[in-house]
Amino acid sequence: MRARDNLKCTRKQPIRGLRAQRARASATSSFITSMRMPTVKFQHGDTVMGRWPGSSLYYEVKVLNFDSKSQLYTVIYKDGTELELKEQDIMNAVSFQGRLRSRSRSRSPGRRRSRSRSPARTTRRSSSRTSTVTTESATTRREPRIKEVLEVRLTPMKTIPTDNNNKPEHREETSAAANKVSQTPVSKSEVEPEKVQNRYNLRRRKDDSDVKPAEPKEAEVEEAPPVAPAPAPTTLDFGGKIGAYFWLLFLPAWVLYVLLQVNQADPSLTNPPALPALDSFWDAQAFGIVVLWMWFQAVLYILPVGKLSEGMPLRSGERLKYRTNGFFAVTVSAAAVAAGVHQGVDFTYIHSHFLQLAAAALLISLLLSLYLFVRSCSLSPEQLALGGNSGNILYDFFKGRELNPRIKSFDLKFFCEMRPGLIGWCVINLGMALTEMKLQRLQAPSPAMLLVNAFQLLYVVDGLWNEEAILTTMDLMHDGFGFMLAFGDLVWVPFTYSLQAYYLVVHPNALSPVAVALIVTVKLLGFYIFRKSNFEKNAFRRNPADPRLSHLKSIPTATGKSLLVSGWWGVVRHPNYLGDLIMALAWSLPCGFSHLLPWYYMLLYYDIILSSGFSHLLPWYYMIYFIILLVHRDSRDMSECRRKYGSAWDQYCRTVPYRIIPRVY
Ligand SMILES: NC(=O)c1ccc[n+]([C@@H]2O[C@H](COP(=O)([O-])OP(=O)(O)OC[C@H]3O[C@@H](n4cnc5c(N)ncnc54)[C@H](OP(=O)(O)O)[C@@H]3O)[C@@H](O)[C@H]2O)c1
Ligand SMILES: CC(C)CCC[C@@H](C)[C@H]1CC[C@H]2C3=C(CC[C@]12C)[C@@]1(C)CC[C@H](O)C(C)(C)[C@@H]1CC3
């Protein structure tokens, strides 16, 4: 009944439109008769559009079978995945195209002009797109808030990993992976879809080892398929609406509090700062400096120097271009700062006006977020990020609505994430080093200060050198640009990531040569893991056939994208977070760790809390925050990937059971 031969040849055939569908329907009429089925809407061999469980994505599938008992159709996706779908999750290819056309006509006049309406054109377009075609489901369109519930029968299946040349993985390794699966069960929450009630019955074709995972080709992507509007999210991140209100108030207040705290002669947490008069936060000169700095970075960003890189395909299939001249920007900025130091510009101003500079950056991020929110109100749903259009004003303001806000070709999210805050952080660190020299009467910064400066400078310069890699990160691909990122990029990063340097200004910490060597080793280890793993993922996403990755194995997913299951991404699911965390450790170690002891005593003797050196927690602040951030980010990413990749993601989770730290977490 599976008629695999028939499938093999039809898999290569494009949809030929209504006429071809009818012809196939009549050719299969004997098949239907022999099955004595009640009238069924789709016939064996039909090429139709099938909804991927738990998502609003539709893919081209072939109908294999209809089970009159369960009223489910067995369909096969292009990567060989077989699924059983309900009739309502299947659409005739022609009416699917028609629906997309009529929607895009009504929603996007620009798009309408650029498209041919001839049926021939329609058919060619749909057939040429071997990757994904995205749309919202009829249900979500009519009832955007309805929780997506798909009753799809899925059975966990073994996906045979292929190496990067799409050869099947060696048999022994496959069975080893299978053994591993049974030894290390994945937690229920990781495997079970959160928003979808699924019964599993997902199979792969036995002959799928030669199936090349279909990566979108340049030409296909540029054909700009119809865009799926962002459906209202069913679950809200960051504690939902109440969480968003809380974070909106808490985050700015927390930054100002920490800065007031660190500014005190005794910055111990048991010595809370008195709330200063409101006008002490404002300094016109500090505000002017921040504006000037942002202006300077914006000018460097728009200069036609450096590469124009392509972002990942958007839901529309379109790829935005980004000027990735970050290394140029940091080099020119360093030259400008060096010239300033040489000319006697007083960089200790940064230390003495830290609070006012942070308040100015906060004001700018607030104004920017308001601008972003207002402009997002006039956008069509296609331009919104998934997850940022809950309908609740404050939540959406916090999370960010527009995916890629741009003024002409000036990409606001990309600019803010990579330039003023990141480069500003290094300038702040330099200001702290110069202040340390001044206050401690040193000829040169202390070794601890040098290490912190050098490590963090390396992190920033590396990020800017590999600026293109940011285009495959969560923020750039999925998150809207709103208060969270604007504040994070412009205030949080420069003013809290520099706390170690701030701390060292008045808390010198002598380091022995052995300690220096050990700390440098920790940093280099972290950096190696971070760089290598980010390189692997970025290169793979850009070109899965990259010869430098030919030794790596991957598993296909129904979206056409594959998942790496060996190399760094076969060790843990977020090796880049692991490297980042090890580096974070190396940034705090120069400030000393014996001060952490009060925490240990604190657990034993409560009264020590009040007299302990809480101030010494400040240099560990980044490490603590970073663990929380990455654990939360990891779980956000897991849900997103589960939604996108369905059972292929489960397969990945079974093969790579640990998230960030091997054998621990
Ligand atoms: N210093 C900081 O404050 C800070 C904060 C956060 C993050 N970071 C760093 O920023 C970098 C980017 O982090 P990120 O959170 O955006 O996440 P990321 O790990 O760079 O990206 C996650 C994405 O990678 C893809 N992916 C996941 N598993 C894969 C696999 N096995 N094979 C191929 N692709 C896979 C998925 O996207 P697709 O499948 O859709 O491509 C997933 O959504 C990291 O190095 C992180 O350490 C730094
Ligand atoms: C609590 C909130 C305010 C959290 C805000 C989160 C942001 C500050 C981070 C989210 C993604 C981060 C990120 C970098 C900096 C911090 C974030 C913007 C990054 C630019 C740092 C340099 C790295 O090399 C990087 C490019 C990989 C990295 C990308 C992600």
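Computed from a predicted structure; not experimentally measured.

Student: Tell me about unusual backbone geometry, residues and numbers included.
Tutor: Backbone geometry at lysine 408 places phi at a positive 55°, although glycine is not the residue there. Mapped onto the fold, lysine 408 is located in the loop between strand E13 (406–407) and strand E14 (410–411). At arginine 441, a position not held by glycine, the phi torsion is positive, near 50°. One can find arginine 441 in the loop between helix H18 (420–439) and helix H19 (447–465).

Student: Mind laying out the site of ligand 2, listing which residues take part and the relevant values?
Tutor: Close to ligand 2 lie 14 residues, the nearest being Gly463, Ile470, Asp475, Asp489 and Arg633. Considered on its own, ligand 2 offers 640 Å² of accessible surface; in the complex 87% of this is hidden by protein. Of all the elements in the fold, those that place two or more residues in the shell around ligand 2 are helix H17 (412–418), H19 and helix H21 (483–496). Per-element tally for the shell around ligand 2: the top contributor is H21, with four residues. By residue class, the composition of the shell around ligand 2 is eight nonpolar, two polar and four charged.

Student: Go over the nonpolar core, please, and point to the residues and values.
Tutor: By size, the foremost hydrophobic cluster in this structure holds 109 residues, and its most contacted members are Met432 and Phe495. Top element by residues in this core is helix H15 (residues 354–376). It accounts for twelve residues. Once residues within four sequence positions are removed from consideration, phenylalanine 495 is found in contact with Leu259, Phe354, Leu357, Ala358, Ala361, Ile428 and Leu490.

Student: Just give me the short version of the environment of serine 512, but keep the residues and values in it.
Tutor: Relative to the assigned elements, serine 512 resides in the loop between helix H22 (499–506) and helix H23 (513–542). Using a relative accessible area of 39% as the deciding quantity, one classes serine 512 as partly exposed. Along the sequence, serine 512 and proline 447 sit 65 residues apart, while their C-alpha atoms lie 9.2 Å from each other.

The rules behind these values
Residues numbered from 1 in each chain as written. Chains lettered and ligands numbered in written order. Predicted model: local features only at pLDDT ≥ 70, side-chain atom pairs only at ≥ 80, totals over all residues. Heavy atoms only, no water. Helix = DSSP H or I, 4+ residues; strand = E, 2+ residues; numbered from the N terminus. Near = heavy atom within 4 Å. Areas by Shrake-Rupley, 256 points an atom, 1.4 Å probe, with all protein chains shown as cover. Nonpolar A, V, L, I, M, F, W, Y, C, P; charged D, E, K, R; others polar. Core = buried A, V, L, I, M, F, W, Y, C linked by side-chain atoms within 4.5 Å. Buried < 20%, exposed > 50% of the residue type's maximum accessible area, 1.4 Å probe, protein only. Contact = heavy atoms within 4.5 Å.

The values are spatial; any link to function lies outside them.
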